[in-house]
Amino acid sequence: MSKKRLGFARIEFIACKQEIENLLTAGYTIIGVHEELTKQNKITMGYARFTQLLRNGVKRSKSTPPKEKEISTEKIVTKQHPQEVQKQQAKVLGVAETNSFKKSSSEKKDLI
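Reference entry: report on the structure contained in this document.

Conventions used here
- Residues numbered from 1 in each chain as written.
- Predicted model: local features only at pLDDT ≥ 70, side-chain atom pairs only at ≥ 80, totals over all residues.
- Heavy atoms only, no water.
- Phe/Tyr/Trp six-rings, centres within 6.5 Å; stacked < 30°, edge-to-face > 60°.
- Helix = DSSP H or I, 4+ residues; strand = E, 2+ residues; numbered from the N terminus.
- Buried < 20%, exposed > 50% of the residue type's maximum accessible area, 1.4 Å probe, protein only.
- Polar contact = N/O pair within 3.5 Å; in protein donor to acceptor, adjacent residues only side chain to side chain.

1. Some remarks on the packing of aromatic side chains
Okay, step 1: Summed over all chains, the structure comprises 1 aromatic pair.
Okay, step 2: Aromatic side chains F13 and F50 sit 5.9 Å apart centroid to centroid with 65° between the ring planes, which places their arrangement in the edge-to-face category. Of this pair, F13 sits in helix α1 (residues 8–15) while F50 sits in helix α4 (residues 47–56), and the two are 37 residues apart along the sequence.
Okay, step 3: For F50, a relative accessible area of 0% corresponds to the buried category.

2. Points about the side chain of T51
Okay, step 1: Counting through the fold element by element, T51 comes out in helix α4.
Okay, step 2: For T51, a relative accessible area of 17% puts it in the buried group.
Okay, step 3: Among the polar contacts made by the side chain of T51, one reaches the main-chain carbonyl oxygen of A48 at a distance of 2.9 Å.

Below is the structure:
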């Protein structure tokens, strides 16, 4: 068995990526996909390298700049505790903060 060039496994993986995804969605196991592609002589890499590429995905070359991540304000608000969100909404609306278990004086008059 001849030694392949460095990075050749990644090239094989990229070339077969669509077929790998199709086989996985069809119900093949990872080892089954590797055996099938090896049997068809589409890949020559070992199983360990195949799973590493599958797990990590195919990394881009360093010359391509990474995309900037956009921060959504909706995600930030939903990560907060629900009571904190209610307090912030009350402040925005100009509503005074009150405890829900205490009744206001107008409600007490209605009960009497």
